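# An overview of the molecular structure
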Amino acid sequence: MAEAPVLVERRAGYRVLTLNRPQQLNAFNEAMHQALKSALAEAEEDSDCRALLLTGAGRAFCAGQDLRERVSPDGQVSVLGSALETYYNPLVRKLRTLPFPVVAAVNGVAAGAGANIALACDIVLAARSASFIQAFARIGLVPDSGGTWFLPRLIGPARARALALTGAPLPADKAEAWGLIWRMVEDLELMAEAHKLCVDFSEAPTVALALIKRVLDESWSNDLDAQLDLERETQHEASLTPDYAEGVRAFLAKRPAVFNGRRAR
Ligand code: T3D
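Residues numbered from 1 in each chain as written. Predicted model: local features only at pLDDT ≥ 70, side-chain atom pairs only at ≥ 80, totals over all residues. Heavy atoms only, no water.

Ordered in space as β1-β2-β3-β5-β7-β10, the six strands form an open sheet in which the pairing is mixed. Of all the strands in the sheet, the pair left with one neighbour each is β1 (6-11) and β10 (183-185). Along the sheet, successive strands turn relative to each other by an average axial angle of 20 degrees, direction set aside. Direction of pairing for strand β7 (residues 123-127) relative to β10: parallel, over a ladder of three bridges. (Pairing = 2+ DSSP bridges. Helix = DSSP H or I, 4+ residues; strand = E, 2+ residues; numbered from the N terminus. Axes fitted to C-alpha atoms, helices over the stretch in contact; angles between N-to-C directions.)

Right, here's the structure in full:
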């Protein structure tokens, strides 16, 4: 029987999703898209899931679209557009709006949509041997999966343009130095660090974290006035959660807070 294209591991308080087509460097085919979509939906529906770890099997994180799927037996390549609408765009939107943090553990090369899906995660950790490649221009395409949005915002227009136009690999240490990712760690420490983050998130005030994701994303298109209004709204919502009450009480009692991650009843 063929191996599952996405492996799902349930841990206490979080899930680990592993892109699992290592022979193809975890390139996305339709089956992998479907499996990832279902795994994300199931994680979202599980009220005990308070963080997600996304990684790749084998030596790569993900090499983007499986290009073999884009050539017909007579050598014709597909015209694109609907694939983005059907798979990549909903995937990026879902990662940004999941009501808990998503940690990408980039274990090796992340190319094309694979790089930008990593950047869509809330926190990106990369192994020293990993690299990020905007491979699109190399095959006559335009960066997608949010790349043209994330890159200039994370590293500035000059570096974004050069990476997109040249398709040059960006090694993990430089990605960290440029602010593209949160941290580079040694290869052997990657998964332990990623799990540690998820364990911490699984004990965090999850509703507040979801609201933080939202206000930071919306800040890109808001002026200060609108952002102040949004902060008022989200702060109100956060203050209705049992975790806020617990956080304040625990602080005053000088004890560690025990957050349940639940919404206000
Ligand atoms: O189509 C749409 O829906 C639009 C959306 C597009 C989104 C995109 O992601 S477009 C960009 C697609 N990705 C790429 O162009 C990257 C292609 N891959 C590479 O450039 C290189 O493989 C890497 C730089 C990622 C790694 O290089 P290297 O030398 O470490 O490995 P390799 O030997 O090239 O690859 C190993 C195997 O994986 C190889 O298979 P083989 O020959 O051993 O049977 C290779 O063909 C396969 N592989 C790697 N990437 C892909 C792939 N097979 C299919 N599709 C791939 N994207």
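Read on for the rest.
A word on the site of the ligand. Neighbouring the ligand are 26 residues, the closest being Arg-59, Gln-65, Leu-67, Arg-70 and Ala-113. A distance of 3.4 Å is found between an oxygen atom of the ligand and a backbone nitrogen or oxygen belonging to Gln-23. Protein chains shield 69% of the accessible area of the ligand, which is 1000 Å² for the free molecule. Of all the elements in the fold, those that place two or more residues in the shell around the ligand are α2 (82-97) and β6 (109-111). Per-element accounting of the shell around the ligand gives the leading share, three residues, to α2. (Near = heavy atom within 4 Å. Polar contact = N/O pair within 3.5 Å; in protein donor to acceptor, adjacent residues only side chain to side chain. Areas by Shrake-Rupley, 256 points an atom, 1.4 Å probe, with all protein chains shown as cover.)

What follows deals with the packing of α2 against helix α3 (residues 113-120). As a packed pair, α2 and α3 sit with axes 9 Å apart at the nearest point and diverge in direction by 25 degrees. Relative to α3, the element α2 is oriented roughly parallel. Contact residues: Tyr-88, Leu-91, Val-92, Leu-95 and Arg-96 in α2; Ala-113, Ile-117, Leu-119 and Ala-120 in α3. Looking at the contact of α2 with α3, its residues break down into eight nonpolar, no polar and one charged. (Parallel < 35°, antiparallel > 145°, perpendicular 65-115°, else oblique. Contact = heavy atoms within 4.5 Å. Nonpolar A, V, L, I, M, F, W, Y, C, P; charged D, E, K, R; others polar.)

Mean pLDDT over the chain works out to 96, with 99% of the residues at or above the 70 mark. At the level of individual helices and strands, the chain shows its lowest average pLDDT in α2, which scores 95, and its highest in strand β5 (residues 102-106), which scores 99. (pLDDT = per-residue confidence, 0-100.)

All told, the structure shown has 16 salt bridges when counted by the stated rule. Arg-183 serves as the salt-bridge partner of Glu-193, at 3.3 Å between the closest nitrogen and oxygen. Taken together, the residues span a long stretch of sequence, with Glu-193 in helix α7 (residues 190-202) and Arg-183 in strand β10 at a distance of 10 residues. With a shortest N-O distance of 3.0 Å, Arg-214 and Glu-218 are connected by a salt bridge. Taken together, the residues Arg-214 and Glu-218, both in helix α8 (residues 206-219) and four residues apart, mark about one turn of the helix. Salt bridges sharing partners connect three or more residues here, namely Arg-214, Glu-218 and Glu-233. (Salt bridge = Lys/Arg side-chain N within 4 Å of Asp/Glu carboxyl O.)

A separate point is the pairing of β7. Most of β7 is tucked away: five of the five residues are buried. In β7, alternate side chains face the same way, and those of Ile-123, Leu-125 and Ala-127 on one face and Val-124 and Ala-126 on the other are all buried. In the sheet, β5 pairs with β7 via four bridges, with the strands oriented parallel. For Val-103, the partnering residue across the bridge sits in β7 and is Ile-123. (Buried < 20%, exposed > 50% of the residue type's maximum accessible area, 1.4 Å probe, protein only.)

What follows deals with a nonpolar patch on the surface. There is a patch of nonpolar side chains on the surface, built from Leu-67, Leu-80, Ile-139 and Leu-141 and spanning about 350 Å² of accessible area. You can see Ile-139 is positioned in the loop between β8 (131-133) and α4 (147-155). The class of Ile-139 is partly exposed, set by a relative accessible area of 48%. (Patch = residues over 30% accessible without salt bridge, like charges linked within 9 Å, V, L, I, M, F, W, Y side chains within 5 Å.)

It is worth spelling out α4 at this point. Side chains of residues three or four places apart in an α-helix project in the same direction, reflecting 3.6 residues per turn. Listed in full, the buried residues belonging to α4 are Gly-147, Phe-150, Leu-151 and Ile-155. Within α4, the buried residues cover an arc of 95 degrees as seen down the axis, which keeps them to one side. Next to the buried residues of α4 lie α2, α3, α5 (157-166) and α6 (172-178). Positive backbone phi, at 90 degrees, marks Gly-156, one or two positions downstream of α4. (Arc of directions from axis to C-beta.)

In the structure shown here, the tally under the stated rule is three aromatic pairs. Each ring, one from Trp-149 and one from Phe-150, has its centre 5.5 Å from the other, and the planes form 90 degrees; the classification is edge-to-face. Overall, Phe-150 belongs to the buried group, its relative accessible area being 5%. Each member of the aromatic cluster is reached from another via a ring pair, and the members are Trp-149, Phe-150 and Trp-220. (Phe/Tyr/Trp six-rings, centres within 6.5 Å; stacked < 30°, edge-to-face > 60°.)

In this section: the nonpolar core. Counting 47 residues, the largest nonpolar core has Leu-36, Val-106, Ile-117, Phe-132 and Leu-180 as its most contacted members. Of all the elements, α3 adds the most residues to this core, at six residues. (Core = buried A, V, L, I, M, F, W, Y, C linked by side-chain atoms within 4.5 Å.)

Attention now moves to the packing of α3 against α4. The contact between α3 and α4 brings their axes to 9 Å, and the two run at 60 degrees. Comparing their axes, α4 and α3 come out oblique. Between α3 and α4 the crossing geometry is left-handed. Judged by residue contacts, Asn-116, Leu-119 and Ala-120 of α3 engage Gly-147, Phe-150, Leu-151 and Leu-154 from α4. Here the residues of the contact of α3 with α4 sort into five nonpolar, two polar and no charged. (Left-handed = near helix turned anticlockwise from the far one by under 90°.)

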